[in-house]
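In case you want the letters, here they are:
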Amino acid sequence: MPVVRSPQSFARPDDIDPSGPVRTCVGCRKRAAKRELLRVTAGSDSDGQPAVVPDPTATAPRRGAHLHPTQECFDLAVRRKAFGRALRTSGTPGLSSAPVAEHLARSHVRPVNT
């Protein structure tokens, strides 16, 4: 007897709104609605050095990665070296994530209490 499958999605069941685009946070690797995440791109800092820069309007023309705007997810992404892989810049030495840290600090993001 053939196996009949229901017409459901086989994606991970997260509590997300399926009506809009969904992205994965490079820090915690959880899926979330695109509007809940901060987009970052490869660019340069104020000194002209290669850096990961925030793109809160999500309009920069380069490849982007997404991150929950929390200190916890930022720290995970830095520790896992996820920005270089996600932005495909792992060959760029000294890729700084300081502009994203500054953006999160200006946004008054507090660490998640655990």
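Quick note: structure is the one above.
Calculation criteria
Residues numbered from 1 in each chain as written. Predicted model: local features only at pLDDT ≥ 70, side-chain atom pairs only at ≥ 80, totals over all residues. Heavy atoms only, no water. Buried < 20%, exposed > 50% of the residue type's maximum accessible area, 1.4 Å probe, protein only. Helix = DSSP H or I, 4+ residues; strand = E, 2+ residues; numbered from the N terminus. Pairing = 2+ DSSP bridges. Arc of directions from axis to C-beta. Contact = heavy atoms within 4.5 Å. Phe/Tyr/Trp six-rings, centres within 6.5 Å; stacked < 30°, edge-to-face > 60°. Axes fitted to C-alpha atoms, helices over the stretch in contact; angles between N-to-C directions. Core = buried A, V, L, I, M, F, W, Y, C linked by side-chain atoms within 4.5 Å. Patch = residues over 30% accessible without salt bridge, like charges linked within 9 Å, V, L, I, M, F, W, Y side chains within 5 Å. Areas by Shrake-Rupley, 256 points an atom, 1.4 Å probe, with all protein chains shown as cover. Salt bridge = Lys/Arg side-chain N within 4 Å of Asp/Glu carboxyl O. Lys, Arg positive; Asp, Glu negative; His and termini not counted. Charge placed at Lys NZ, Arg CZ, Asp CG, Glu CD.

## Observations concerning the pairing of strand S3 (residues 38–44)
Counting buried positions along S3 yields five of seven residues, so the element is predominantly enclosed. Direction of pairing for S3 relative to strand S5 (residues 64–67): antiparallel, over a ladder of four bridges. If you follow Leu38 over to S5, its bridge partner there is Leu67. One ladder, built from five bridges, connects S3 with strand S4 (residues 50–54); its direction is antiparallel.

## Thoughts on helix H1 (residues 71–79)
For H1, the set of buried residues is Cys73, Phe74 and Ala77. The buried residues of H1 occupy one face: seen down the axis, they fall within an arc of 100°. Looking at the buried side of H1, the elements it contacts are S5, helix H2 (82–86) and helix H3 (98–106). Two residues or fewer past H1, Lys81 is found with a positive phi of approximately 55°.

## Points about the packing of aromatic side chains
Counted under the stated rule, the structure contains one aromatic pair. Taken together, a centroid distance of 6.2 Å and an interplanar angle of 40° make the contact between Phe74 and Phe83 tilted. Its relative accessible area of 5% is what places Phe83 among the buried residues.

## Digging into the sheet that holds S4
Spatial ordering of the open sheet is given by S4-S3-S5, a layout of three strands whose pairing is antiparallel. The outermost strands of the open sheet, each flanked by one partner alone, are S4 and S5. Pairwise comparison of adjacent strand axes, ignoring direction, gives a mean angle of 35° for this sheet. Contacts from H3 reach S3, S4 and S5 within the one sheet, and its direction differs from that of S4 by about 25°.

## Focus: the nonpolar core
Ranked by internal contacts, the top residues of the largest apolar core, which has 18 residues, are Val26, Val40, Leu67, Phe83 and Val100. For this core, the secondary structure elements donating two or more residues are S3, S5, H1, H2 and H3.

## Some points on a positive patch on the surface
On the surface, a cluster of positive charge is contributed by Arg29, Arg79, Arg80, Lys81 and Arg85. When you line up the elements, Arg85 lands in helix H2.

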